[in-house]
Amino acid sequence: MNFKTTLKKFPDIRKTWIGAFLLLLSMATASAQSVSGTVTADGQPLPGATVLEKGTSNGTSTDFDGNFTINAGSGATLVISYIGYNAQEIAVGNQTQINVELIADNKLDEVVVIGYGTQRKSDLTGSVSSVSAEDIVSLPVSRVDQALQGRATGVQVTQASGAPGAGTVIRVRGGNSITGSNEPLWVIDGIVVGTNFNLNNLNSNDIKSIEVLKDASSIAIYGSRGANGVVLVTTKNGRGSGSSKPQVSVNLYTSSQMLPEIPDRLNQREQIEFTNESADFRSAAQPFPNDPSTYPDNDWVDLVLGPAPIYNADISVAGASENVDYYTSFNYFKQDGIVKSSGLEKYIFRANLDIKLNDKVKTGFRLNYSRLEQDNALASFSQAAFGILRTQPVYNDDGTYSGFNDVVGSPFSNPLANMALNTNETFTNNLLATVYLEYSPAPNWIIRTTFSPEFDNTKRNIFNSSQNPALLSVGDTGQGSASVRTTNRNGWNNENTIQYQTDFGENHSLTALAGAAFQKSATETVEAEAFGITSDATGFNNLGNSDPTRAVVNSDYNAFQIASFFGRLNYSYKDKYLLTLVGRSDGSSRFAEGNKYEFYPSIAGAWKISEEGFMQNQGVFQDLKLRASYGKSGNQAIEPYRTLGLLTDANTTLNGVEVPGRTLGRPANPNLKWETTNSFDIALEASFFGGRLFTEFNYYYKKTEDLLLDVTIPRQTGFNSQLQNVGSLQNQGWELLVNSTNISTSDFNWNTVLTLSANKNEILDLGGKDFIDIVVDPIIGSGNTRLIVGEAVPSFTGVRYLGTWKSQDEIDASGRTDPQVVGGPIFEDRNGDNISSTEDNVVLGSPFPDIIFGFENSFSYKNWDFSFYFQGTSGNEVYNLNMRNNYFNRGETVKFGDIRDRWIEGVNETSNIQRAGADSVTNTPSNSEYVEDGSHIRLKNVRLAYNFPVDKMGLSGLKNATVYFTGTNLWLISNTRLIDPEANAFGRSNIAQGYLSAQYPNPKVITLGLNVTF
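Our subject in this report is the structure included herewith. All values reported here derive from a predicted model rather than from experimental measurement. (Residues numbered from 1 in each chain as written. Predicted model: local features only at pLDDT ≥ 70, side-chain atom pairs only at ≥ 80, totals over all residues. Heavy atoms only, no water.)

Attention shifts here to the overall build of the protein chain. The secondary structure content of the protein chain amounts to eleven helices and 57 strands. Relative to the 2.2 N^0.38 estimate, which gives 31 Å for 1014 residues, the radius of gyration of the protein chain is 33 Å and therefore close to what a compact globule would have. Principal-axis analysis of the C-alpha atoms places the extent of the protein chain at approximately 125 × 65 × 65 Å. Evaluated residue by residue, the protein chain yields a buried proportion of 53% over its 1014 residues. Sequence-distant contacts in the protein chain: of pairs separated by 6 or more residues, those separated by 24 or more amount to 68%. By element, 55% of the accessible surface of the protein chain is carried by carbon and sulfur atoms, the whole surface being about 42,600 Å². (Helix = DSSP H or I, 4+ residues; strand = E, 2+ residues; numbered from the N terminus. Rg over C-alpha atoms; globule rule 2.2 N^0.38 Å. Buried < 20%, exposed > 50% of the residue type's maximum accessible area, 1.4 Å probe, protein only. Contact = heavy atoms within 4.5 Å. Areas by Shrake-Rupley, 256 points an atom, 1.4 Å probe, with all protein chains shown as cover.)

Pasting the structure below:
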C-alpha cells in the first residue's frame, strides 16, 4: 500500500487521515517483524557474528550457539558478517527464520573440529588436516577412509585390496608400534569407536567433514589411544539448509568397474615350452609332448574376473527452525566385485536431531543403523592369474567340472566349480548412536553429557560342497564341510565435559575444558564346524547333518574397560599469542594393578606474527603464524588379558587311555604397560596475496618407548618367549600443504592443492639385540624380513642376485661349494664361505616412501566444473612374493613374461635370467629380484560436472541440480611386475607391509551421477 493509493481510496480529509494512520501503522508493524536464525561456518555455530539491517544501525550479534533475533521489515536486507568470512546479504521478505552459513575468505579462518570442540584454524596451536564434504562428494567412494588418500599431509593411505568393502591401511606420521596397532583412532560424532571400526557402516554422503589430528597438542586429549593419530568424522545436520522448509537431497550414481592392467605372463605356447624345458633339464617326461594347439588355451583371468557394476542411491531430508534442526538419510549401495562371486550390499539409515529446549538447555541424538551383506570371493585373482596353467581344462569330457591337474598329478581347486557349488557370506548389523544433554547455566558455561551405545552383530556362513571336483577326482565322496560363526560386540561410551569461556581485560581470552569419560566393550564369539556332510541340500543350515566325531565347537569372550579424566586450557593474549595445555589420565583393564593408569600431558603455543605492528602494511602476508607443540600420548597396543597366562590343550595318558588336559601355554607378565610416544612439532602457516595462496609447513619428531615385543627367556622357565616392554623407535619428517586460488572471476575459477609429506622410520633399540628375524610367509620362511636397529620397520632383507653362470669354468673358478649349474642363478657370497645363506643377507629396501604426494586442480566455468587429482609415492620398495613360484621355480605354475628372455643353451646364453629347471639344483633364497620399486603415480580421480541453472530454467522447486561424470584409478605408472604397488598380502599387519601376492586388484571405475536438492 502506498500514499497515492490511500488518497484515491479516501478522498475526504477525514478518511485521508485515517488512511495515513493505517499506513504508518502497517509500516510500524512491518518494521517490527521478528526474524530469528542461526549463523554457522563449516557446519558449526558461529558465535559473535554481526547481523545488521542494511543501511541502518539496527543490528545484533549471534550468541554462543550462533543464534540471533532481530526486528526487520519485509523489505529489509540483512547483512551477516564475521571477521575472516565473506559477508552475505539476504532479503527478509516474508521470512521469519533465516539460517546462514558463512564461507571463510581465507584458509586460516575456517572452523575445524578438534577433540571435544571446534576452533578457528587461525586459533589452532596443534596440527590438524581437514577434508571437507566437497572433497568427499567429488570422489564417489564406498568408505570414507578412501577419501583421505593424498588429501591430508602426513597421512599415508594405502588401498591394499580392490575387493568390495575392503578397507585401507592408514599411517599418520609413520608407525609407532611393532606388535601393536598402528591404525589411527576413529571418533565419529564424538563417539570413540576405536581403530577397527568397520567404516562400511557409514554413508559417505552423510559426512560433513573429516579432521585428522596429528601432533601431541591435538591428540593428547585422547590419551592412551592417540599416539597413532586421531580421525574425527562429523556428520551433517540441519543447520545451513537455508530455511525452515525441509531440504530434500537425492544422490544417485551408477558405476562400471573395469579390469585394470593385468601383469605380463607367458602365453600358452611360451608356457608349454618353459614347462617342457624344465622337465628336460630334470630328465623327466615332458608334460606337453604334443603340438601346443592340441591343448586347451584357457585364460583363467577372463573366466574368473570381469566388469562389474556399482549402484548407489541415497536421499536425505534436512531442515532447521528456531529451536530444532534435523538431518535424516537413507542409503542403498550395491557393488558386484570384478572377481566373480564377490560383492557387497549395504543399507544405511541415519537420523541426527538437535533441539533447543530453552535458552539454557539443548538436547539431541545421532543414530546410525547399517545392514551389510557381503559375498566373500570364492575365487582369487592370484589363483586365476598365476596359479593355474592355461592348459588346464575347465570341464571334463562328460561336462562335469575338472578337478585334477595332470601336470602336477594331484587334485586342484577349480575356481568356477567353487563359485557354482560353495558359499561364503557375511552379514553384519550395526547400531551406533549417541544422545546428549547440554546445559548452559550462564552465557560462558557449557555442561555436556553424552551416552553412546554400540551394538554389532556379525554372522559368517561357509559351506564347501561334497560335490567339489577336487574331492571327486580322487574318489573322496561325502566330504562336504560347513561352519557358522557369530560375533556379538556390545559396548557403551559415556563422556561428561564442562567448558568455561571468558574474555577479561581488553586483551585476554580463556577457554577451559574439563571432563571424564568411561567406556566398556565386550565381544562374544561362537563357532561351530561340521565335516563329512553327505548332502548339499541344507548347506550350513543343518550342521547336524555331518559326522559327529569330527565336529568342532569353539567359543570366546573378551572385554575391556577404560576410565579417563582430562582437561584442556586455551589462552589468548591480544589474539596474537596463543597457549594450549592438555592433560589426560587413562586407566585400562588391559593392564595389571600398578600399571593401569598413565598420564598424558602436552603443551603448545602459537604466535600470530601477522598481527604484530611491524607486520602491518607490509603487503606480502595476509596471515602468518608460527606454532609449536610437545607432549606425550600412548598406545594400549595389546589385546585384553594379554598380561595373564594362557591355558592350552595338553592331553595325557592315564592307564593307557588318552584323557584331555590343560597346561599353561604362555607366561603371565603383570609388568606390561603402555607404549608411550613423545612428540615434538613445529609449523609455519601463511597466506599471501589477499588469501589467494595458503601454505603450511610442519616438521615433527616422535619417539616411542616401552615397545611391546616377544623376548626370548630362559628355557628352564618352561617357555621360549615372553611379551615384554623393551625397545624404542622414532619417526621424523615434514609436511607441506599449498592451496592456491590461481584465477577467480565471476565466470571462471581455478584452484590448486598440493600435499607433500616425508617420514623416516627408524628402530633405536630392540632390547639389546642388533636384529630380529621375522617370518611373514611360511613358504619363504625366515630371511626376508628383519627388525634391525638403525633401519625401518620392517626392512626387506635377502642376498643380492648377480645374474647367471655363463660357463662351468666360471663356476669352478668361484670356489663355490653349494650346488650350482650353468645358466643357474648367482647369489652374492658376502662373507666368503663359498655358500649362499642368510649370513649373506643385506637390506634390500623398505615399504616406507621417501615422499607421499597429492596434486589436485579444480576449474569452474559458469555452470561447468572440472577437476583432476593425482596421488602417489616415491622411494618405497615392495616385496613380490610371487617371484618364488612364478619366476624362479618349476614350470607347473604360470610364469612372469620376463622369463621369455631366460638363459637357453645355444640360444640365449648371455641372459641374466636363470634357465628353466635350475631350481631343481640350486636353492632360491630371498634375494634382490624379489624387491621392486614401489614408486608410483596414479590418476586417482577425474570429475566433470554440469550445474543446471535452475533459477533461469524456471525450476522454482529446485535449489540445485548437478549431473556429473567421474573416472577413478584411470591411469597408473608403476614399475612393479604385479602392476599395483598399493596392494598388500597381509592387510594391516605392522611388520608385513609392502608385500605383494597378486591380491584382489583395484579396478578402474567410470561413474555417472545426479545430485538434486529440493
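Okay, the sheet that holds strand S45 (residues 785-788) next. A sheet is described by the order of its strands in space; here four strands give the open sequence S44-S45-S46-S49, paired in antiparallel fashion. Strand pairing shows two members of the sheet lacking a second neighbour, strand S44 (771-774) and strand S49 (842-845), which therefore form its edges. Along the sheet, successive strands turn relative to each other by an average axial angle of 45°, direction set aside. Bridge count between S45 and strand S46 (residues 795-798): two bridges; the pairing is antiparallel. Bridge pairing in S46 links threonine 785 to phenylalanine 796. (Pairing = 2+ DSSP bridges. Axes fitted to C-alpha atoms, helices over the stretch in contact; angles between N-to-C directions.)

What follows concerns empty space enclosed by the protein. Considering all chains together, one arrives at 13 cavities of 30 Å³ or more under this definition. The computed volume of the largest cavity comes to approximately 360 Å³. Lining the largest cavity are 26 residues, and of these Pro140, Ser142, Gln146, Gln335 and Val1005 sit closest to its centre. If you list the elements that add at least two residues to the lining of the largest cavity, you get strand S19 (247-258), strand S21 (324-336), strand S55 (960-974) and strand S57 (1004-1013). Among the elements that take part in the lining of the largest cavity, S19 stands out by supplying three residues, more than any other. Grouping the constituent residues of the lining of the largest cavity by class yields eleven nonpolar, 14 polar and one charged. Approximately 290 Å³ is the volume attributed to the second largest cavity. Lining the second largest cavity are 24 residues, with Gln156, Thr158, Pro847, Asn876 and Gln993 positioned closest to its centre. Considering every element that reaches the lining of the second largest cavity, the biggest residue donor is strand S13 (residues 155-158), with four residues. (1 Å grid on protein atoms, 1.4 Å probe; cavity = no way out; pocket = protein on both sides within 12 Å on 5 of 7 lines; lining within 4 Å. Points joined across faces, edges and corners; volume = space filled by probe spheres on them. Nonpolar A, V, L, I, M, F, W, Y, C, P; charged D, E, K, R; others polar.)

By secondary structure assignment, the location of threonine 423 is in strand S26 (residues 423-439). Not counting residues within four places of it along the chain, the set of residues in contact with threonine 423 comprises Leu378, Asn461, Ile462, Phe463 and Phe540.

Buried residues dominate strand S18 (residues 230-235), accounting for six of its six residues. Alternating positions in S18 separate into two faces, Val230, Leu232 and Thr234 on one and Val231, Val233 and Thr235 on the other, with burial throughout. Judged from the six bridges that link them, strand S17 (residues 207-213) and S18 form a sheet pairing that is antiparallel. Residue pairing for S18: serine 209 is matched across the bridge by threonine 234.

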